[in-house]
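# Structural features, examined
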Amino acid sequence: MPPETEAKLQDKNRRKDGPAHSEDLALKSAAAYFGDELIHWLGIRERALRAVPTEMVELETRHMYEDFLFEMENGMYYHFEFESDSISKEDLKRFREYEASTARIYNAPVITYVICSAGVKKLRDSITEGINTYRVRLIRLKDINADLLLKQLDKKSASALTREDIIPLLFSPLMGGHSTQKERILQCIAVLRNAETTFPQKEVQKMEAILYIFAVKFLDDTELESIKEAVAMTKLGQMIWNDALEKGREEGEKIGLERGELIGQERASNRYSRLILLLSKENKNDLIVKIASDPEYREELYKQYGI
């Protein structure tokens with residue numbers, strides 16, 4: 001689709017899924033950073049040539065937002081949708097509409113893959129209306145054992161980690177297994193912290209931000225404190241807390257340096273969490289990962305929201 005046909009809409013025109021949209025953001029961010037690796041991890045052999053625009057404007061000015069779309073080496077287009085709930089007939093009708101528009105615009109066949117993190121064991125993958133049956137390919141994350149996956153990763157040294165290893169790492173909070181989501185997120189943060197010298201700093205910060213989004217969504221306040229402590233030791237944490245720690249050190253002259261730094265860290269973590277929640281509530285989820293690697297823009301949003 002030519003750039004001039006793409007549209008940037010106000011937030012009220014975007015599809016709103018409530019808190020579950022934060023999960024969609026994390027998954028879409030992972031797809032954006034690790035497109036080809038994600039496709040291979042999902043068991044798709046074909047190679048992606050490029051990610052293509054997913055916002056399509058129909059003649060009647062209806063805006064259609066796909067989650068992710070890849071042009072494949074085999075000449076087809078693979079359309080990915082992320083679902084945190086069971087798949088309804090309405091969902092399938094929407095996916096079918098996306099497919100039809102995409103096939104018409106790009107003049108190529110399209111296959112839809114639905115990556116589902118819901119706990120529902122039996123998922124709907126087709127709908128029949130009239131003489132036509134529409135079908136998607138399902139990938140159920142709960143069928144993957146996160147404990148086994150993380151155990152295998154523990155055996156790898158940080159220098160041996162690849163981008164292919166990171167994909168399932170980021171998805172592990174949504175998988176099956178006996179460990180809690182808190183335990184998985186903490187283990188993932190530890191893996192990424194050890195790998196900070198292996199991957200570019202901004203890329204690591206974005207991966208840590210994806211895990212933090214999951215923590216804010218799934219964990220209660222007490223559990224989140226443990227995540228904040230772990231994040232404080234990462235590249236992302238050091239960047240986020242830096243300014244607040246400076247302010248804390250100023251107060252530390254009066255109440256003690258160590259106590260002042262703790263106050264600064266607490267304020268920084270609270271500001272960051274509040275900003276994530278506000279952006280998620282306003283459906284500005286595309287900005288959440290951006291603020292992880294853009295400190296100037298993050299400060300701008302702090303001022304904008306009065307945080």
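The preceding data block contains the structure.
Everything numeric in this text was worked out from a predicted model, so none of it was measured.

Moving on to the overall build of the protein. Scanning the protein for helices and strands turns up 12 helices and nine strands. When each of the 307 residues of the protein is scored for burial, the buried share is 50%. Restricting to contacts in the protein with at least 6 residues of sequence separation, those with at least 24 account for 66%. Entry remark: accessible area of the protein is about 15500 Å², with carbon and sulfur atoms responsible for 48%.

What follows deals with the pairing of strand 4 (residues 68-72). Of all five residues in strand 4, five are buried; the element is thus mostly enclosed. Across the two faces of strand 4 the burial is the same, with Phe68, Phe70 and Met72 and Leu69 and Glu71 all buried. Of the pairings in the sheet, the one linking strand 1 (residues 48-51) to strand 4 comprises three bridges and is antiparallel in character. Among the inter-strand pairings, Ala51 is bridged to a residue of strand 4, identified as Phe70. Of the strand pairs in this sheet, strand 4 and strand 5 (residues 77-83) are connected by four bridges, and their pairing is antiparallel. By the bridge assignment for strand 5, Leu69 is matched with His79. Linking strand 4 back to strand 5 in an antiparallel pair, the connection comprises four residues, with Gly75 at a positive phi of about 90°.

Turning our eyes to something else, we now look at the sheet that holds strand 4. Spatial ordering of the open sheet is given by 1-4-5-6-9, a layout of five strands whose pairing is mixed. Looking at which strands have only one partner, the edges of the open sheet turn out to be strand 1 and strand 9 (137-140). In this sheet, neighbouring strand axes are inclined to one another by 25° on average, regardless of whether the strands run parallel or antiparallel. Sheet topology places strand 5 next to strand 6 (residues 110-116); seven bridges connect them, and they run parallel. Bridged to Glu81 within strand 6 is Val114.

All right, on to the packing of aromatic side chains then. Counted under the stated rule, the structure contains seven aromatic pairs. With a centroid separation of 4.7 Å and an interplanar angle of 20°, the aromatic rings of Tyr77 and Tyr106 are classed as stacked. One end of the pair, Tyr77, is in strand 5; the other, Tyr106, is in helix 3 (residues 89-106), and 29 residues separate them in sequence. Residue Tyr77 shares its accessibility class with Tyr106, and that shared class is buried.

Cut-offs used in this document
- Throughout, a residue's number is its position along its own chain's written sequence, starting from 1.
- Restriction of local features to residues with pLDDT of at least 70 applies here, the model being predicted, together with a cutoff of 80 or more for giving and counting side-chain atom pairs; totals for whole chains, interfaces and linings are based on all residues.
- Based on all heavy atoms of the structure, the side-chain values leave hydrogens and waters out of the count.
- Secondary structure elements are taken from DSSP: a helix is a run of H or I of four residues or more, a strand is a run of E of two residues or more, and numbering for both begins at the N terminus.
- A simple rule labels every residue: compare its accessible area, found with a 1.4 Å probe on the protein chains alone, to the largest value its type can have, and call it buried under 20%, exposed over 50%, or partly exposed in between.
- Throughout, a contact is declared for two residues whenever any of their heavy atoms are within 4.5 Å.
- Areas reported as accessible are Shrake-Rupley estimates using a 1.4 Å probe. Residue values count occlusion only from the protein chains shown.
- The pairing criterion for strands is at least two bridges between them, as found by DSSP.
- What counts as an axis is a line fitted to C-alpha atoms, over the stretch in contact for a helix, and the angles between N-to-C directions run from 0 to 180 degrees.
- Here the aromatic set is Phe, Tyr and Trp, taking the six-membered ring for Trp, and pairing holds for ring centres within 6.5 Å; pairs whose planes are under 30 degrees apart are stacked, those over 60 apart are edge-to-face, and all others are tilted.

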